[in-house]
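What the coordinates show
Take a look at the letters that make up each chain.
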Amino acid sequence: MEEELQGVQTFNEGVKACVPTIMGYLGIGIAMGIVGKAIGLSVWQVFLMSLIVYAGSAQFIICGLIAISAPIPSIIFTVFLVNLRHFLMSLSVANHFKKDSLLNGIGIGTLLTDESYGVLMATLAQRPAVSSRWTHGLNITAYATWILATVIGAMLGNFIPDPNVLGLDFALTAMFLGLFLFQVQLPLKFQKKKTIIILVATAASLYFLMSIVSAELAVILATLLGCGIGVTLKDE
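Since the structure is predicted, the reported quantities are computational estimates derived from the model, not experimental observations. (Residues numbered from 1 in each chain as written. Predicted model: local features only at pLDDT ≥ 70, side-chain atom pairs only at ≥ 80, totals over all residues. Heavy atoms only, no water.)

A few words now on the confidence of the model for the protein chain. Per-residue confidence for the protein chain gives a mean pLDDT of 82, with 83% of residues at or over 70. Across the protein chain, the element-wise mean pLDDT spans from 44 in helix α1 (residues 2-6) up to 95 in helix α4 (residues 43-52). Note that residues 1-5 has pLDDT below 50 and, in this model, 5 contacts with residues that lie over four places away or in other chains. (pLDDT = per-residue confidence, 0-100. Helix = DSSP H or I, 4+ residues; strand = E, 2+ residues; numbered from the N terminus. Contact = heavy atoms within 4.5 Å.)

Turning to the nonpolar core, a few remarks are in order. With 36 residues, the main nonpolar core has Tyr54, Val93 and Leu120 as its most contacted residues. Where this core is concerned, the elements lending two or more residues are α3 (19-38), α4, α5 (56-67), α6 (72-82), α7 (85-94), α9 (114-124) and α10 (132-155). Considering every element that reaches this core, the biggest residue donor is α10, with 8 residues. Among all residues touching Leu120, those that are not within four sequence positions of it are Val93, Phe97, Leu112, Val130, Trp134, Thr135 and Leu138. (Core = buried A, V, L, I, M, F, W, Y, C linked by side-chain atoms within 4.5 Å. Buried < 20%, exposed > 50% of the residue type's maximum accessible area, 1.4 Å probe, protein only.)

All right, on to a nonpolar patch on the surface then. Together, Val19, Met23 and Leu26 line one region of the surface with nonpolar side chains, adding up to about 270 Å² of accessible area. Assignment of secondary structure puts Met23 in helix α3. Given the relative accessible area of 57%, Met23 is considered exposed. (Patch = residues over 30% accessible without salt bridge, like charges linked within 9 Å, V, L, I, M, F, W, Y side chains within 5 Å. Areas by Shrake-Rupley, 256 points an atom, 1.4 Å probe, with all protein chains shown as cover. Salt bridge = Lys/Arg side-chain N within 4 Å of Asp/Glu carboxyl O.)

Attention now moves to α5. End to end, α5 covers 17 Å across 12 residues, agreeing with the expected 16 Å (1.5 Å per residue, within 8%). Looking only at α5, the buried set comprises Ala58, Gln59, Ile62, Cys63 and Leu65. Looking down the long axis of α5, one finds its buried residues gathered within 165° of arc, a one-sided arrangement. On its buried face, α5 sits against α3, α4, α6 and α10. Positive backbone phi, approximately 60°, marks Ser69, located one or two places after α5. (Expected span 1.5 Å × (residues − 1). Arc of directions from axis to C-beta.)

Turning next to the packing of α5 against α6. Between α5 and α6, the shortest axis-to-axis distance is 10 Å and the interhelical angle comes to 155°. Judged on the interaxial angle alone, α6 and α5 are roughly antiparallel. Relative to α6, the crossing made by α5 is right-handed. Two secondary-structure elements touch here, α5 through Ser57, Ala58, Ile61, Ile62, Leu65 and Ile66 and α6 through Ile75, Thr78, Val79 and Val82. For the contact of α5 with α6, the residue count by class is 8 nonpolar, 2 polar and no charged. (Axes fitted to C-alpha atoms, helices over the stretch in contact; angles between N-to-C directions. Parallel < 35°, antiparallel > 145°, perpendicular 65-115°, else oblique. Left-handed = near helix turned anticlockwise from the far one by under 90°. Nonpolar A, V, L, I, M, F, W, Y, C, P; charged D, E, K, R; others polar.)

Turning our eyes to something else, we now look at the packing of aromatic side chains. All told, the structure shown has 3 aromatic pairs when counted by the stated rule. Their ring planes at 90° and their centres at 5.6 Å tell us that Trp44 and Phe47 sit as a pair that is edge-to-face. On the criterion of helical spacing, the pair formed by Trp44 and Phe47 is a turn pair, its members being 3 residues apart in helix α4. For Phe47, a relative accessible area of 24% gives the class partly exposed. (Phe/Tyr/Trp six-rings, centres within 6.5 Å; stacked < 30°, edge-to-face > 60°.)

Here's what the structure looks like:
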């Protein structure tokens, strides 16, 4: 009971919380390495891309744009749009770490991904607080796993067939579904009506917005709308 009140604190607890993400990153990271090798990138180039960019969907897009010899400015702008949602994610968790130093905040925001954000929010739904040490354990473990997985994929790229044949293309989707279910489990239990309204409104607005704007911008706008509805609705 005392542990529940205090939340989660240690670096090692963050590492343990990252285990589901590790399993997903291994699959999709190896697939990313295979794709990078297939378009002519060296193992070192795949390593540096994962080290600096560290964004699964963006790295796949970069590989696709490199394959068609797209100009560098268009690659940079496209990746910026794809990753723009990370500003929202970082802003939404900043309040939980307002007592920490600026350096800690930069470290958390820099390594925050869709998957680690999902784990963090699912944990905050069950615990009153998490420490920056716990979050660093989660983020750094995911970061190291992603880099390792992509390098392994690049090294094995000449020997592994199309990743779709092995089902590796579904690894990221499966991981997102798992994180989503963990995150909405408690809200559906204690605030069922409010949670359903938010989910339906967000999904409907996303579907509509994707027909008039880019998918990346649609995600951001639908997220903002969902947040606005969540703030407006009264708790049950």
